[in-house]
Amino acid sequence: RMPCRLPVLLKALLKLLWDVHTERGPTPEPVRAALLQGATQCLILLDHCSQGQVKVLLEGVHSSCEENRVRECLRKVQEST
């Protein structure tokens, strides 16, 4: 059931990562960190559900991303087992 939902879920989680990272509002840093960690864990779970397809799809994104915090989240997904 996951493969047909993979594009939508992956796009939403990547947008969440980016929005949390770039948001300049009054959100406390611990909340931002928790959101980034949660989104990263969701990406890892999605990768497991899709038999590694997320890692394949993220290869180009990781190499082209210049934001360190987002790159760190993507690295964690790539290195998960």
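Residues numbered from 1 in each chain as written. Predicted model: local features only at pLDDT ≥ 70, side-chain atom pairs only at ≥ 80, totals over all residues. Heavy atoms only, no water.

**What about the overall build of the protein chain?**
Part 1: Scanning the protein chain from terminus to terminus reveals 4 helices and 0 strands.
Part 2: Computed over C-alpha atoms, the radius of gyration of the protein chain comes to 12 Å, within 12% of the 12 Å expected from 2.2 N^0.38 for 81 residues, which places it in the range of a compact globule.
Part 3: Principal-axis analysis of the C-alpha atoms places the extent of the protein chain at approximately 40 × 25 × 20 Å.
Part 4: Burial status across the protein chain gives 30% buried among its 81 residues.
Part 5: Residue pairs at least 24 apart in sequence account for 59% of intrachain contacts in the protein chain once pairs closer than 6 positions are excluded.
Part 6: Per element, the accessible surface of the protein chain, about 5300 Å² overall, is 60% carbon and sulfur.
Part 7: Taken as two groups, the 11 positive and 9 negative side-chain charges of the protein chain have centres that lie 6 Å from each other. (Helix = DSSP H or I, 4+ residues; strand = E, 2+ residues; numbered from the N terminus. Rg over C-alpha atoms; globule rule 2.2 N^0.38 Å. Buried < 20%, exposed > 50% of the residue type's maximum accessible area, 1.4 Å probe, protein only. Contact = heavy atoms within 4.5 Å. Areas by Shrake-Rupley, 256 points an atom, 1.4 Å probe, with all protein chains shown as cover. Lys, Arg positive; Asp, Glu negative; His and termini not counted. Charge placed at Lys NZ, Arg CZ, Asp CG, Glu CD.)

**Quick word on helix H2 (residues 29-49)**
Part 1: Between the first and last C-alpha of H2 there are 30 Å, a value that for 21 residues agrees with the 30 Å anticipated at 1.5 Å per step.
Part 2: All of the buried residues along H2 are Arg32, Leu36, Ala39, Thr40, Leu43, Ile44, Leu46 and Asp47. The buried side chains of H2 occupy one side of the element, clustering within an arc of 165 degrees when seen end-on. With respect to the buried face of H2, the exposed residues turned more than 90 degrees away are Pro30, Gln37 and Leu45.
Part 3: Tucked into the core, H2 has its buried residues touching helix H1 (6-22), helix H3 (53-64) and helix H4 (68-79). (Expected span 1.5 Å × (residues − 1). Arc of directions from axis to C-beta.)

**Remarks on the nonpolar core**
Most often, soluble globular proteins keep nonpolar side chains buried together rather than apart.
Part 1: Ranked by internal contacts, the top residues of the largest apolar core, which has 17 residues, are Leu10, Leu17, Leu43, Leu46, Val54, Leu58 and Val77.
Part 2: Going through the elements one at a time, H1, H2, H3 and H4 are the ones with two or more residues in this core.
Part 3: Among residues more than four places away in sequence, those in contact with leucine 43 are Leu10, Leu13, Leu14, Leu17, Val54 and Val77. (Core = buried A, V, L, I, M, F, W, Y, C linked by side-chain atoms within 4.5 Å.)

**Re the confidence of the model for the protein chain**
Atomic detail in the predicted coordinates should be set aside for any region of low pLDDT.
Part 1: Of the residues in the protein chain, 100% reach a pLDDT of 70 or more, and the chain-wide mean stands at 91.
Part 2: Highest mean pLDDT in the protein chain belongs to H2 (95); lowest belongs to H3 (85). (pLDDT = per-residue confidence, 0-100.)

**Overview of the side chain of threonine 40**
Part 1: Inspection of the secondary structure puts threonine 40 in helix H2.
Part 2: Judged by its relative accessible area of 3%, threonine 40 is buried.
Part 3: For threonine 40, the side chain forms a polar contact with the main-chain oxygen of leucine 36, separated by 2.7 Å.
Part 4: Beyond its immediate sequence surroundings of up to four residues, threonine 40 is in contact with Leu17, Cys73, Lys76 and Val77. (Polar contact = N/O pair within 3.5 Å; in protein donor to acceptor, adjacent residues only side chain to side chain.)

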